[in-house]
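Listed below are the residues making up each chain.
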Amino acid sequence: MKKLLFTLLLYLCSLTIGQAQIALDSTVLDTTTIVTGLDIPWEIQWGPDGWIWVTERYGRLGRVDPDMGTHQVLLDLSSTVHQVGESGLLGMVLHPNFADTPQVFIVYTYRDNNNFSERLVRYDYNSTTATLHSSLILIDNIPANNIHNGARLLILPDRTLLMTTGDAGNIALSQDITSLNGKVLRLNLDGSIPTDNPFQGSAVWSWGHRNAQGLYLGPNGIIYSSEHGPTNDDEMNILERGRNYGWPYVEGYCNTNFEAQFCADSNVVEPIEAWTPTVATSDLIWYDHPAIPEFRNSLLMTTLKDQKVIQLQLDPTHRQVVGSVDLFSRYWGRLRDICTSPDGRIFLATSGLSWGNTQPFTHSIIEIKNTNYTNVSKPQAAAVQVAIYPNPTSNQSRLRIPQALIGQPYYLYNHWGKVVCEGLLKSETILDGSALVDGVYL
């Protein structure tokens, strides 16, 4: 009678591709390249599965294990996405209740005959097969271009979704309320229009935008957005319902006679910070974790042209900038996106050294952490509750694992160290030994 004995090995390790230390006032940060070989990672987000979810502009969506450096592709839209210049697969956001509603929202540009357009699509995620399926187009036919497509996404606590759109190189569209370009749009998660939007039946929530590529919900419900200016006046804005942000008639503050008059007549909101010459603002986060005390209670914003992170320190109302610090200047080239983990680590997505994608599949995700922060700890194997039964077996055994490990890869080795079976963990995974010879398996 065949007899198989399964031995369980759980381990955690760190993949270090490139590493350096950076000293702040009282904190030393370790930096590590956790994955490379990406092609302009445009969006990175910490997922509830403990992986970093990432879109690549040429059309691939995947996730990266920040400890192992494993990159797993979940969806390849490279044959659908039209990528030229700044267009391609862009923004992404996961449903806030991902465990019960595993939905992913993405924005990409495409070409239909002679029309160059942008759309917002919702996918369902299957953790068993690690794939995205059942796509639903929520909004479509937004004019696109090789510049100024916006496309950052944010889901608010009321379960509505904000999406930034650029002017697509046509500056007149930003002040045209009937156009979806140069706007912040607001939709329900099924694509319908919220009844409390400023204009009945319209997705437009705010207007007068040039090309906003940063979007984050901070303290007290404040929505921050970073926006590209022309050669002057990149902006950091606080978004408000039904307000005008001035483009193309106002660049930055209302500080010329014409701008002051337009601002007064058109209910324009001034930025809380502006940069001239421009730094090429990209995405941002609000950081308030004790792991890096120097960054607490501030906005961290990535920049492309200036190849740095800018820390904006705010007053107690979180509405006025009281200080600014440049960080990591020209360490890794252009920095397109930023996210954090629950233990206070920061992750940056690199985007090369120049505007064009002159070196495809060379971009990276960088981890920044304070290793001396005592609460930054990895779970120990002894704390992971796993059951294998029956064990030994003559045919099949079941592997029961905690929710946090669902979707992670597993490998079954024979005593020679050869992988004889592999797959993705489910809440109850079947280890099929019907084709295996007698022995002990790891």
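Attention in this report is confined to the structure presented alongside it.

1. Some words on the sheet that holds strand S13 (residues 160–164)
- Reading across the sheet, the four strands line up as S12-S13-S14-S15 and stay open at both edges, with antiparallel pairing between neighbours. Single-partner strands in this sheet number two, and they are strand S12 (153–155) and strand S15 (204–207). Pairs of neighbouring strands in the sheet enclose a mean axial angle of 20°, with direction left out of account.
- Direction of pairing for S13 relative to strand S14 (residues 183–188): antiparallel, over a ladder of five bridges. Bridging across to S14, threonine 160 finds its partner in asparagine 188.

2. Details of the layout of surface pockets
- Taken as a whole, the second largest pocket encloses approximately 520 Å³ of empty space.
- Around the second largest pocket, the lining is made up of 23 residues, and of these Gln45, Trp46, Val93, Leu154 and Tyr216 lie nearest the centre.
- Those elements giving two or more residues to the lining of the second largest pocket turn out to be strand S4 (41–46), strand S8 (89–94), S12, strand S16 (216–217), strand S20 (281–287) and strand S24 (335–340).
- The element contributing the most residues to the lining of the second largest pocket is S4, with four residues.
- A breakdown of the residues in the lining of the second largest pocket according to their chemical character gives 17 nonpolar, three polar and three charged.

3. Topic: the state of the cysteines
- This structure, assessed with the given rule, holds one disulfide.
- Between the sulfur of cysteine 254 and that of cysteine 263 lies a disulfide, 2.0 Å long from S to S. Disulfide cysteine 254-cysteine 263: torsion about the S-S bond near -85°, hence left-handed.
- Note on cysteine 263: relative accessible area 10%, which makes it buried.

4. Focus on unusual backbone geometry
- Cis peptide bonds are those with omega within 30 degrees of zero, and the linkage from tryptophan 247 to proline 248 qualifies with 5°.
- The topology assignment puts proline 248 in the loop between strand S18 (234–239) and helix H1 (257–266).
- At the junction of threonine 276 and proline 277, the peptide bond is cis and its omega measures out at 0° in the coordinates.
- Tracing the sequence through the fold places proline 277 in the loop between strand S19 (273–275) and S20.
- Positive phi values are uncommon outside glycine, yet alanine 130 reaches one of about 55°.
- In this fold, alanine 130 is placed in the loop between strand S10 (115–126) and strand S11 (131–143).
- With a relative accessible area of 5%, alanine 130 lands in the buried category.
- The phi torsion at phenylalanine 361 lies on the positive side, around 60°, for a residue other than glycine.
- Its location among the elements puts phenylalanine 361 in the loop between strand S25 (346–350) and strand S26 (363–369).
- On the basis of relative accessible area, phenylalanine 361 is assigned to the partly exposed category, the value being 39%.

Thresholds applied
Residues numbered from 1 in each chain as written. Predicted model: local features only at pLDDT ≥ 70, side-chain atom pairs only at ≥ 80, totals over all residues. Heavy atoms only, no water. Pairing = 2+ DSSP bridges. Helix = DSSP H or I, 4+ residues; strand = E, 2+ residues; numbered from the N terminus. Axes fitted to C-alpha atoms, helices over the stretch in contact; angles between N-to-C directions. 1 Å grid on protein atoms, 1.4 Å probe; cavity = no way out; pocket = protein on both sides within 12 Å on 5 of 7 lines; lining within 4 Å. Points joined across faces, edges and corners; volume = space filled by probe spheres on them. Nonpolar A, V, L, I, M, F, W, Y, C, P; charged D, E, K, R; others polar. Disulfide = S-S within 2.5 Å. Buried < 20%, exposed > 50% of the residue type's maximum accessible area, 1.4 Å probe, protein only.

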